[in-house]
Structures are given as structure tokens and as C-alpha cells.
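In case you want the letters, here they are:
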Amino acid sequence: MSMNILITGGRVIDPANHVNEVMDVYVQDGRIASLGAAIPGFVAELTLDASGKVVSPGFIDLCATMREPGYTHKGTLRSETHAAAAGGITTLCCPPTSNPVNDSAAVTKLISDKARQAGFTRVLPIGALTKGLEGEQLANMQGLSESGCIAVSNGRNAIRNSLTLMRCLEYAATFDLLVIFQSQDPDLSAAGVMHDGANAVRFGLPGIPETAETIAVARDLLLVEQTGVRAHFGQLSTARAAQLIMDARAKGLRVTADVAVHHLLYTDAKLNGFNSLYHVNPPLRSAIDRAGLREALLGGTLSAICSDHQPHDEAAKRAPFGATEPGISGLETLLSQALLLVEQDVLTLDQLIEKLSLGPARVLGLDSGQLGLGSVADICVFDPEAEWTLTEETMRSSGKNSPLLGQPLKGRVCYTLVDGELVYQAS
Amino acid sequence: MSHLTAMSHAAPHQLQLNEQGQLRHFLTTEGLSRELLTDILDTAESFIDSNGRSVKKVPLMRGLTVVNLFFENSTRTRSTFELAAQKLSADILNLNISTSATAKGETLQDTLWNIRAMGADMFVVRHADSGAAHFIAENVTPDVAIINAGDGRHAHPTQAMLDMLTIRRCKGEFGKLKVAIVGDILHSRVARSEIHALNTLGAEEVRLIGPKTLVPDTLQALGANIYRDMKQGLKDVDVIVALRLQKERMNTALLPSESEFFRLYGLNEEKLAYAKPDAIVMHPGPINRGVEIESSVADGEQSRILTQVSNGIAVRMAVMSMAITGQLQQQQDLAKQQGAEG
């Protein structure tokens, strides 16, 4: 039985309901019971002071790798959902790239059970599109869906064989399953470790050309059109791939897309000095790509911003650049990084909150991501002006691989509520 | 211990100098000042006797230990570093890591910490990954002077500087020189280090010649003009550098065949005639006769290939003695600071 919680004095920003005003929020039985108006007889068992702060729908992260089962030296469901809660994230989707791969109901159940036991952020597993993500045989997609998978995906393991991919999509379309693509041509990207451009040539690092993404997105979109499947494209890194998505949407295809926050902020110039903490895949690209992604975000082609969280152990990052593993541990800095987009006049605060909550909810077909009366009380209270410093000691994620360690950050989560329960409170 | 927080990421040229602007690691020619590169060349000159050979022996590194860490095989580069260290009176230890520790799964960091514990003052590092020497200098053993003997495709600064010395001894100053580098620039750490050094030393023009698969347009950003044709590219040049063409380039669809490459870009007497009559020919070696260079050119009057090798010892003596001085100075300054604080 959940508590009666009163959140007082905060600025409630709820893009779904066009709300942006200071008012109290009443939470009862895990739901939003009232906004502004006091409920007769309501006794708050917990009162959270939100004055000077923002009360927003909890964030929904479309891509956060959990590492469990199989890679628990990099992160566990407990450590990573704790990190997510500290980042104001109330729901996250985890790709099927565990070991064993999430291609069976047993693995899906294991992930769901462990996440529930941890009691922090809600985890929605993404099931495998093919068995073992090997790109050969169809996974039991409908069974995975029935077990609780929100979508199916082959992750970044590209399906080289277009006939196999077509059949995967036809089968998924039969049951109206959402297919998530992380499109990248495996041959064009095989040897590369960074964006192929003047900087790669200068650093002497093998490049991943822009066409590694655009060619793959173009092929995948043609098969989406042919099969009529519901599709989402995750973590676009190039301006022209965003353009392809925009064109497909204009044609009426049921296609959505998201972008990782680091692709909206940084370019391949960050790798000067061979900083392995900025080694990500898809790679940080050119300033032109960043500008195109920002435009696509504002224009609505990109409906969500995700962390693309990938926690790593230290050894994975402590090596010469090319020998390091890609990925940033990004759950705990998602908000402060995303707020830079407001500071840099890319989005308004209302638009940003939409990209972090309502946008991803709609991608997944969830009715969360908003604070309407009666909706599930997934809430994030944050102080957009609070300054803080990320340290390894205070990071909840097992993966300390953040390029922001030791740097001053602005914008911090104060409280996170999932299902009307306080799962995180800043110390 | 908070290792990832401690990882810092300076641009390479900032990393290789101590607080007084002296060399303390030698990782890349990029970003170093003209004065410093000239200083390296002048110091190298001081190690060359009147016969054009490097001097017999000087006591500049007596009592210090140099460890040659070669994660990639190399006979010639390793040998010239070894000779240079001996001539500086250092103790030298050769380790071929490719065949020992890393094969047993030890990380690069553990391997290096172990070797440092043996009392090394300088590491000469060759590694297949771009940025490896930089990574070691910054994050593994910053207190040991690191000399980059080649990292991936990124840099091979001592080779570039011995080429600069060879050019300067043949041509005098750099100001009016046109230099053409021919062949597989994409995979060449030598070419990258040469381009930076030539631009810093004030060469009039650096040209890169080859097909788009080996000389992508993006290389222009390094400060070079790109040519696809040898006749145009070699016109009026003073210096030609031919690069080694690896056989594996044919297997990865970068080139159709050795014979077509030789016909179009191989340096023979006919193509050499497009350059200035007194142009010199260089090659970082080892050469593939009949692939990137014809024997008659490699052994001809305009060739300076063997001069390069002898200059290599003097340049490595210069870089090693300068870097050890700068590094020891840095460690002394750090110790003083810590003493003052403590």
C-alpha cells in the first residue's frame, strides 16, 4: 500500500497537458490524485518540498544497457536501476545484449524479476529479433512480447542478409510488434573506431563513414515500408539519417526515432587527446551532423532523447583508444547534459521535458510520460540551477566511464517517484 | 583508487613538454614549435662527425636505463634506438612484448608498471594502436620519458625528424622547398609526422600523391595539396618521399595489383625526371623494389635512403638526450613542489 505524498510549491511542467505553473501535487494510491486543489481529508504521510524546483513526468530512457545477466562486473540490474532513479528516470528499456541474449521468456522474466526486486526504476526489456542476435533464425518474438518485452531488436548486430531481415519484419508485423533498429552497415563500420573525417585522418584512427549509418537506415526503411512493420530507429548520429526518417514519416510510415544526448552536444573533435571516455558507437560525428540532429529534434523527427547508457569496468576504458570498448555511463548525467540544450537555446525547458518523457512514452505506446489526473505517479523533481560534481564515489552506476567525472555540472534530480513511491532522494 | 577520474586527456603536444617548455616525451611532431624542431635538428648535428657518421660515445645518459618496448616487430628502428642509447652510454633492455606478456593476457598497464618497477628511465614504444604512446605517457607511466617509435597510423616522429635532418643537410633551409610524399598515406604514421614537421619548419608546399583509396581528400586538412597524377605532382619538387606499400592492401580492395600501382605511382627514372634535376629521393624503409620504387632509383645518385639510416642514429640520440633532460627536470620540479606543500 503506497503512501499519500504531497509535493509542494514546485513548478509543474507537463507538456502532454500543456501545464506549466506552480502548484502542489497530491499522490494517492500510486496515482496523481490532484493538481493544485487540496483533497478533503487528504493526510500527507510524506511531504516533499519542491519550491524553486521543477516537477516533471519521470523520464523514459529508450536505451540503457543493463549488463545483467552475463556482464555483472560492468553493472547489475540493481546498480544500474539505482543510477537511473538518481537520474530521474522512472522507466527504461534495456537492449537484448545480455549473456545469455534476451531471446527467451526465461531471460525476460529474470530481468523483470531482478529489476522489480531492486525496487528502483521500471525496466522494460527489449527482446531479440533473431536467436542469439545471430541474424539467422527468428526469435520467438510473440512469446517474448507475451513475457513482457516492450519491443524486439537485433541491437547493433546488423542482419547482413536482407531476406532474413525482411522475414523478421514480416513476422513482427503479423503481431504488430515494435521493431527497434540501431542501424549500421557492418562492413563500413567493421574496422572503425571514430567518425571518418578530417579528425580521424589526423589522429590516425580508422574511421566509420557517415554512410555506415545512412545506407543501413535507407535499407531498413525500405523493408519497413514493404512489410508495414512498426519501427523505431535508435540513437541516430547523422543528419542525413534523420532526413531519411523525416521523409519516411512524411510518406506516412509508422516510424519514430531517437537520439543519444551526447550526439546532440559533442563532435568528433572531443577525441583530440585520444580520450577513450568519449569513445562511443555510433561515433561522435561532425558539427554538420550535430546541427542536423538538433534541427530534427526541434522539428519532431526525433521524438526522444536517450542516455544510450553503457556501463563498463575500468579495464575496458584504460587502454590505447582503438583497444577500448565504446560507451558512456550516462544515466546519472542525462538531465544535466540535456539541460545544456536549453542553455544553448536549442529547446525550451518544456520541449526538453517532452523529449525526455512524453516523446519516448508515445514511441513505446505507453500512457505514462505525463502528469494528468489519475495517471501513474512517475515523477521527477529537479533543480535546474543546482550545481554539483560527478565523482566515482557518489556514482550509483557500476560503470564509472563518464567523460564528465570531476567536472562541474548544472541541474540535479532531487526526488524520483515510481508508481507513487519515493525511490530516490538527493542527499 | 579512482582511476578513471585520474585519466586526463591533454592534446598530445601539451603533454610532451615540461613546465619550462622542454621536451619530456616525444610523441608527435604535431603542435611542437619551429624552435623546438630546429633544436632537435641542431642537437642531432652535434652528434654527427665530419665524415657524416654519428659520434662514437658521449656520457649524457650514463647510469640511466632505456627500455625498448616493441609491441610490433621491427628490426631496423629498434636497432637504431639501441645504438643511439649505447652511444649515449645508457643501459638498454630490449623487450618484444608481442611474444611475451600480453600474449598471456596481462594488460598493457600491468606490463608497463612491472617494467617501470625494474627501474626504467625511458621507454621507447612501438605499438599497433594509434595513441598508444600518448596513452602510456599520460595515464600509465607519466614519470618515465616516452619516445614514440611508431603508434598505429598516428605518428612516427623520430623517423620524420631524421628525414628533416636529411633534407636540411642536403638542401639547407626549408623555406623554398616543395616536398612530395607518394603512395599509401592513409596507413602511414611516417607521412603524418612528416607533414606536421614540414609545415612547422616552413616548407613551401607539401604534396601527397596517390589514388583516393590511399590518399583520401580529408588529408588536405593536415596542410597538404593532393595530386592524383605523378607527372603533375612531381613537377618542380625538391624532395620525393616514397612510402612502403604493404602487400595486404591488395587483399582489402584498396588497390587492384602491385603492377598497376607501380605503373601509375611507382618511382622510376622516367617519373623522377618530372622533379627538379637535383631532387633527392627518400624512403623510410624497408623498400619493396619494383613496387613503390625501382632499384635503379633506390640505388641511384639522387637516393638518400642510406643517409637517412645513418642520420637516424644522431636524431634518436638528440631526442633521447633532450627528453630525458626535460623529464628529469620535471620530476625534480614536482618533488620540490611536493616538498614545499608537505
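In this numbering scheme, every chain counts its residues from 1 along its sequence in written order. Both sets of labels track the order of writing: A upward for chains, 1 upward for ligands. Note on the predicted model: pLDDT of at least 70 is required for a residue's local features to be given, and 80 or more for side-chain atom pairs to be given and counted; whole-chain, interface and lining totals, by contrast, use all residues. Only hydrogens and water are removed before side-chain values are computed, so all heavy atoms of the structure are retained for them.

**Here's the deal with the overall build of chain B**
Counted only if it meets this: For helices the rule is a DSSP run of H or I covering at least 4 residues; for strands it is a run of E covering at least 2, with both sets numbered from the N terminus onward. The globule rule used here is 2.2 Å times the number of residues to the 0.38 power, and the radius of gyration it is set against is calculated over C-alpha atoms. Burial classification: accessible surface area is computed with a 1.4 Å probe over protein chains only, and a residue below 20% of its type maximum counts as buried, one above 50% as exposed, and the rest as partly exposed. Should any heavy atoms of two residues lie within 4.5 Å, those residues are counted as being in contact. Areas reported as accessible are Shrake-Rupley estimates using a 1.4 Å probe. Residue values count occlusion only from the protein chains shown. The charge count treats Lys and Arg as positive and Asp and Glu as negative. His and the chain ends do not count. Note that the charge is assigned to NZ on lysines, CZ on arginines, CG on aspartates and CD on glutamates.
Looking only at helices and strands, chain B has 13 helices and 9 strands in total. A globule of 342 residues ought to have a C-alpha radius of gyration of about 20 Å, and chain B, at 20 Å, matches this closely. The principal-axis extents of the C-alpha atoms in chain B amount to approximately 70 × 45 × 30 Å. Put simply, chain B has 342 residues, and 57% of those count as buried. The long-range share in chain B, meaning contacts at least 24 apart out of those at least 6 apart in sequence, stands at 73%. When the accessible area of chain B is evaluated, it comes to approximately 13800 Å², of which 48% is carbon and sulfur surface. Positive and negative side-chain charges of chain B, numbering 35 and 39 respectively, have mean locations separated by a distance of 4 Å.

**Observations regarding the side chain of Arg 189 of chain B**
Residues and elements named next belong to chain B. We apply this condition: Nitrogen and oxygen atoms within 3.5 Å of one another constitute a polar contact, given that in protein one can donate a hydrogen and the other can accept it, and given that sequence-neighbouring residues count only through two side-chain atoms.
With respect to the helices, strands and loops of the structure, Arg 189 is situated in helix α8 (residues 189-200). For Arg 189, a relative accessible area of 13% gives the class buried. Of the polar contacts made by the side chain of Arg 189, one reaches the side chain of Glu 72; its length is 3.1 Å. A distance of 3.1 Å separates the side chain of Arg 189 from the backbone oxygen of Gly 152, its partner in a polar contact. Among all residues touching Arg 189, those that are not within four sequence positions of it are Glu 72, Arg 126, His 127, Gly 150, Asp 151, Gly 152, Arg 153, His 154, Ala 155 and His 156.

**Some remarks on the pairing of strand β5 (residues 178-182) of chain B**
All names here are of chain B. What counts here: Pairing between two strands is assigned when DSSP locates at least 2 bridges connecting them.
Taken across its 5 residues, β5 has 5 buried, putting it largely inside the fold. Alternating positions in β5 separate into two faces, Lys 178, Ala 180 and Val 182 on one and Val 179 and Ile 181 on the other, with burial throughout. By the bridge criterion, 5 bridges tie β5 to strand β6 (residues 205-209) in an arrangement that is parallel. Bridge pairing links Val 179 to Val 206 in β6. As judged from the 4 bridges shared by β5 and strand β8 (residues 239-242), these two strands associate in the parallel manner.

**Quick notes on the interface of chain B and chain A**
Threshold: In this description, buried area is defined as the sum, over both parts, of the accessible area (probe of 1.4 Å) that is lost when the two are combined. The salt bridge criterion pairs a side-chain nitrogen of Lys or Arg with a carboxyl oxygen of Asp or Glu, the two atoms within 4 Å. Amino acid classes used here: Ala, Val, Leu, Ile, Met, Phe, Trp, Tyr, Cys and Pro are nonpolar; Asp, Glu, Lys and Arg are charged; the rest, including Gly, are polar.
Counting residues at the interface gives 29 residues for chain B, matched by 27 residues for chain A. Of the roughly 2400 Å² buried between chain B and chain A, counting both surfaces, carbon and sulfur atoms make up 60%. Applying the counting rule to chain B against chain A returns 1 salt bridge. Across the chain B-chain A interface, the total number found is 5 residue pairs in polar contact (both at pLDDT 80 or more). Contributing elements (two or more residues each) for the side of chain B that touches chain A: α1 (3-6), α5 (108-117) and α6 (132-140) of chain B. The element contributing the most residues to the side of chain B that touches chain A is α6 of chain B, with 5 residues. Here the side of chain B that touches chain A is built from residues that sort into 12 nonpolar, 12 polar and 5 charged.

**Things to note about the sheet that holds strand β6 (residues 46-49) of chain A**
Residue and element names in this part refer to chain A. Inclusion rule: Axis lines are fitted through C-alpha atoms, for helices just across the contact stretch, and the angle between N-to-C directions can take any value from 0 to 180 degrees.
Ordered by their spatial adjacency, 4 strands build an open sheet running β5-β4-β1-β6, and the pairing between neighbours is mixed. Every other strand in the sheet has two partners, leaving β5 (31-35) and β6 as the edge strands with one partner each. The mean angle between the axes of side-by-side strands here comes to 20°, regardless of whether they run parallel or antiparallel.

**Looking at the state of the cysteines**
Residue and element names in this part refer to chain A. Test applied: In plain terms, two cysteine sulfur atoms within 2.5 Å form what is called a disulfide here.
For the structure on display, the rule yields 0 disulfides over all chains. Free of any disulfide, Cys 149 has its nearest cysteine sulfur in Cys 94, 8.2 Å distant. The class for Cys 149 is buried, based on a relative accessible area of 7%.

**Regarding empty space enclosed by the protein**
Residues and elements named next belong to chain A. Inclusion rule: A 1.4 Å probe that fits into a set of points on a 1 Å grid over the protein atoms alone but cannot get out defines a cavity; an open set with protein on both sides within 12 Å along at least five of seven lines defines a pocket, and lining residues are those with an atom within 4 Å of a point. Grid points are joined across faces, edges and corners, and a volume is the space filled by probe spheres set on the points.
Counted by the stated rule, this structure contains 8 cavities of 30 Å³ or more. Forming the walls of the largest cavity are 13 residues, and the residues nearest its centre are Ala 86, Glu 332, Trp 388, Arg 412 and Tyr 424. Sorting the residues of the lining of the largest cavity by element identifies α11 (334-343) and β19 (408-418) as the ones contributing at least two each. Considering every element that reaches the lining of the largest cavity, the biggest residue donor is β19, with 3 residues. Of the residues that constitute the lining of the largest cavity, the class distribution is 6 nonpolar, 4 polar and 3 charged. Along its surface, the second largest cavity is lined by Val 261, His 262, Tyr 266, Ser 307, Ile 328, Gly 330, Thr 333, Leu 334, Gln 337, Pro 403 and Leu 404. Secondary-structure elements contributing two or more residues to the lining of the second largest cavity are α9 (261-265) and α11. Here the residues of the lining of the second largest cavity sort into 6 nonpolar, 5 polar and no charged.

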